[in-house]
Amino acid sequence: MEKGTLVEFRVQGDRRLGVVERPDGKTRWFVIDERGQSHSLAPRQISYIVNGQTYKSSDIEIFQGQVQPYIDPSSLEVAWELLVEDGETVTPAQMANLLFSESEPAACYAAHCLLSEDKLYFKQKGEVYEPRTSVQVAELKHQIEIKALKARGQQEFLARVEQALRGETVDWQRHDRQKLEALEKYAALLADVVRLGVNYDNLARSYPPPAPVLETMNMLGRTATPPAAFQLLIDLGWWDAHENLFVRRSAIPVEFASKVLEVAQQRLDSPPTDLDINRLDLSGLKVYTIDDESTTEIDDGLSWELLPEGRERLWVHIADPTRWLAPEDELDLEARKRGSTVYLPTGMVPMFPELLATGPMSLVQGKICCALSFGVVLDQTGGVEDYTIHPSLIKPTYRLTYEDVDEMLELGVQAEPEIEAIANWAKRRKSWRYNQGAISISMPEAMIKVKNDQIDIDILDDSSSRQLVAEMMILAGEVAARYGQLHNIPLPFRGQPQPELPPDEELLLLPAGFVRACAMRRCMPKSEMSITPVRHAGLGLNTYTQATSPIRRYSDLLTHFQLKAHLRGDVPPFSAEQLKEVMMTVISTTQEVTMVERQTNRYWSLEYLRRHPDKVWDVTLLMWLREDSNLGLILLEDLGLQFPMFFKRSVGLGEQLLVKVAHADPQKDMIQFQEIIYQESQSAS
């Protein structure tokens with residue numbers, strides 16, 4: 001090339017013009033750009049040579065001014081329409097003649113600029129440009145339109161995000177919701193810190209973000225990690241700061257599908273035919289329902305009846321939800337999918353739609369209700385002497401709380417002698433069970449309630465009223481199982497293998513009370529479900545099934561389906577094999593429900609302790625988790641909560657200590673305690 005030749009080259013992708021100054025070795029050239037800067041270029045770096053005359057670097061700006069009037073990308077469409085039919089190739093000089101009817105250097109260079117920047121109508125092949133086909137152009141236009149729509153959508157999304165971050169109400173669009181739902185799934189991985197023991201700090205490495213999440217987080221200038229996604233959703237007001245990630249990470253449905261709600265409303269509006277046409281009318285009995293004040297699904301009631309010959313009969317009336325559904329219908333399958341009602345500190349997730357569960361399915365005070373009633377006569381020791389089971393009609397007389405019943409028993413209310421009679425039989429019944437080998441393990445149990453961000457933790461006391469209700473429910477379960485065993489009906493029987501408890505001499509070496517109970521609890525095997533009767537060692541019963549919470553537990557509902565069919569002379573709806581298959585599904589689901597309940601309770605207990613950093617707690621060392629590293633399990637006696645704690649001094653089992661919370665992080669599932677020793681300045685943690 002001669003000195004003064006004007007060439008185009010690229011610097012980091014930017015188009016530049018420069019004038020050739022002199023050779024640089026054998027193959028390279030020194031070029032001076034419009035800024036007076038020198039560049040050493042290889043031939044491959046030169047993308048265009050302006051022919052026709054020589055230039056100085058000071059001429060470059062003038063040349064660019066001559067080129068500018070020709071730069072109109074829309075003019076390429078006209079040229080493409082002329083060339084596409086024959087598929088003719090074209091050089092920049094030919095394009096200049098076609099577009100501008102000129103062949104001057106500025107026009108030719110303008111044509112080169114238009115063609116080299118074009119991504120729609122022409123594609124470069126060596127030194128020439130070939131028109132794309134009509135189909136190719138149409139597809140590219142479609143892609144460009146999609147990109148433009150996406151870009152506009154992103155800008156609009158960003159505007160709504162800014163609006164939400166300012167605390168304003170936002171009308172999120174459908175595409176917004178897709179982005180936010182992808183963030184929800186990613187943020188919910190935080191639950192695995194607790195569920196799977198994933199290291200919190202390694203979350204991002206363990207779970208790299210999917211493309212939609214990465215795009216959204218990058219767009220908003222945030223790090224694409226589960227904690228950052230969680231915080232973004234909170235900042236947007238999309239999630240609460242205490243969003244239940246355990247529920248979100250589980251398969252538990254929180255809402256009912258519209259179809260299920262429609263079916264529930266239809267059943268309410270047009271009740272199905274009652275298959276149990278010969279219900280026993282027990283509406284003349286006084287019926288007590290006893291529950292916590294907050295309970296809305298009332299599924300059991302109690303009666304006491306004096307028989308003519310002087311004997312006494314206890315009645316356990318259980319709500320009859322199968323009056324409103326049939327095996328394998330929409331409501332039954334929905335309940336089966338859920339497994340049970342989920343009880344969380346923040347509220348419950350019901351097994352049935354609430355308009356049925358808290359309405360006609362429940363035993364509502366003052367209304368005639370369908371029930372499955374278990375009438376039992378006990379012998380003087382508390383064993384079952386005689387029993388009867390009937391689909392029935394009852395009219396609950398009183399809705400009482402446990403506190404009401406405790407007060408009535410304490411005061412000996414003369415107007416309600418039935419309560420005292422039931423309580424006396426419950427005591428006799430409990431004594432009978434322990435004579436049969438039942439095992440009593442008494443440990444404090446925390447009841448956590450959260451309302452309006454206020455956390456309350458109470459100990460679920462083992463009061464007389466609760467023992468009364470528990471004994472009557474166990475009694476009904478034994479009677480239901482006996483009936484199933486007698487008539488060879490497949491039922492979801494529950495059992496518990498005989499535990500291998502420590503020898504008495506070993507237990508006596510442990511401090512009495514919670515430490516000893518904790519040692520026994522460790523030896524208790526898990527309960528089991530079976531389609532055939534099996535002994536329940538913990539309850540001291542040779543056969544047992546759960547039948548008293550059919551609104552809240554699907555296994556109890558199965559028991560009702562089977563028993564009621566046999567009572568009216570029908571074949572039970574589930575064969576042994578069918579029942580076994582259904583039970584396997586239900587067991588898996590209820591295990592997940594139990595885990596979510598446990599994880600959620602732990603989260604709120606940690607949050608409660610986090611909020612009380614200055615509170616001094618009385619604790620008892622229950623057991624060693626790793627004695628060699630001084631890791632023990634402590635009981636916070638005022639709350640009924642148990643946590644691990646490291647000690648820095650020698651501590652004995654059963655020893656009582658004072659501790660404060662040194663650090664608590666519910667999201668990371670972390671808590672550390674510090675022992676308070678008022679006599680000394682040192683502390684152990």
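The paragraphs below set out a description of the structure included in this document. Just so it is clear, the structure is predicted and the values come from calculations on it, not from any experiment.

## Regarding the overall build of the protein
Counting secondary structure elements, the protein contains 21 helices and 25 strands. A compact globule built from 685 residues would reach a C-alpha radius of gyration of about 26 Å, whereas the protein, at 39 Å, exceeds it by more than 25%. Looking at the 685 residues of the protein, the share that counts as buried comes to 47%. For the protein, contacts bridging at least 24 residues in sequence account for 65% of all contacts bridging at least 6.

## A word on the side chain of Asp299
In this structure, Asp299 sits in the loop between β9 (288–291) and β10 (300–306). A distance of 2.8 Å separates polar atoms of two side chains, one belonging to Asp299 and the other to Arg552. Beyond its immediate chain neighbours, meaning those up to four positions away, Asp299 contacts His317, Ile318, Ala319, Leu363, Thr548, Ser549, Pro550, Ile551 and Arg552.

## Some points on the nonpolar core
Core analysis: the largest hydrophobic core is formed by 65 residues, its most contacted members being Leu609, Trp617, Leu636 and Phe673. Per-element accounting of this core gives the leading share, seven residues, to helix α21 (residues 576–610). Residues Val316, Leu468, Met472 and Ala476 belong to the second largest nonpolar core, which totals 36 residues.

## Structural notes on helix α3 (residues 92–100)
For α3, the complete set of buried residues consists of Pro92, Met95, Ala96 and Phe100. Within α3, the buried residues cover an arc of 105° as seen down the axis, which keeps them to one side. On its buried face, α3 sits against β5 (46–50), α2 (75–83), α4 (105–117), β6 (122–125) and β7 (128–131). The first or second residue beyond α3 is Ser101, which carries a positive phi of 55°.

## What to know about the pairing of strand β14 (residues 369–378)
Within β14, ten of the ten residues are buried, which leaves the element mostly enclosed by the surrounding structure. For strand β11 (residues 312–319) and β14, the ladder comprises six bridges, and the chain directions are antiparallel. Note on β14: the bridge partner recorded for Ala319 is Ala371. Sheet topology note: the β14/strand β15 (residues 384–394) ladder contains ten bridges and is antiparallel. When the sheet's bridge partners are listed, Phe374 is paired in β15 with Ile389. From the end of β14 to the start of β15, which pair antiparallel, there are five residues, and Gly382 there has a positive phi angle of about 110°.

## Comments concerning helix α6 (residues 174–187)
Given a rise of 1.5 Å per residue, 14 residues ought to cover 20 Å, and the 20 Å separating the end C-alpha atoms of α6 matches this to within 8%. Listed as buried for α6 are Asp176, Lys179, Leu180, Leu183, Glu184, Tyr186 and Ala187. An end-on view of α6 places all buried positions within 165° of arc, on one side of the element. Set apart from the buried face of α6 by more than 90 degrees, the exposed residues are Arg174 and Lys185. Buried-residue contacts for α6 involve α5 (134–165), α8 (203–206), α9 (211–219), α10 (226–235) and α11 (245–249).

## A word on a negative patch on the surface
On the surface, Glu293, Glu403, Asp404, Glu407 and Glu410 cluster together into a negatively charged patch. Relative to the helices and strands, Asp404 resides in helix α15 (residues 402–411). Judged by relative accessible area, which is 31%, Asp404 ranks as partly exposed.

## Some points on a nonpolar patch on the surface
On the surface, Val78, Leu82 and Leu98 cluster together to form a nonpolar patch covering roughly 260 Å² of accessible area. As for its placement among the helices and strands, Val78 is situated in helix α2.

Conventions we followed
Residues numbered from 1 in each chain as written. Predicted model: local features only at pLDDT ≥ 70, side-chain atom pairs only at ≥ 80, totals over all residues. Heavy atoms only, no water. Helix = DSSP H or I, 4+ residues; strand = E, 2+ residues; numbered from the N terminus. Rg over C-alpha atoms; globule rule 2.2 N^0.38 Å. Buried < 20%, exposed > 50% of the residue type's maximum accessible area, 1.4 Å probe, protein only. Contact = heavy atoms within 4.5 Å. Polar contact = N/O pair within 3.5 Å; in protein donor to acceptor, adjacent residues only side chain to side chain. Core = buried A, V, L, I, M, F, W, Y, C linked by side-chain atoms within 4.5 Å. Arc of directions from axis to C-beta. Pairing = 2+ DSSP bridges. Expected span 1.5 Å × (residues − 1). Patch = residues over 30% accessible without salt bridge, like charges linked within 9 Å, V, L, I, M, F, W, Y side chains within 5 Å. Areas by Shrake-Rupley, 256 points an atom, 1.4 Å probe, with all protein chains shown as cover. Salt bridge = Lys/Arg side-chain N within 4 Å of Asp/Glu carboxyl O. Lys, Arg positive; Asp, Glu negative; His and termini not counted. Charge placed at Lys NZ, Arg CZ, Asp CG, Glu CD.

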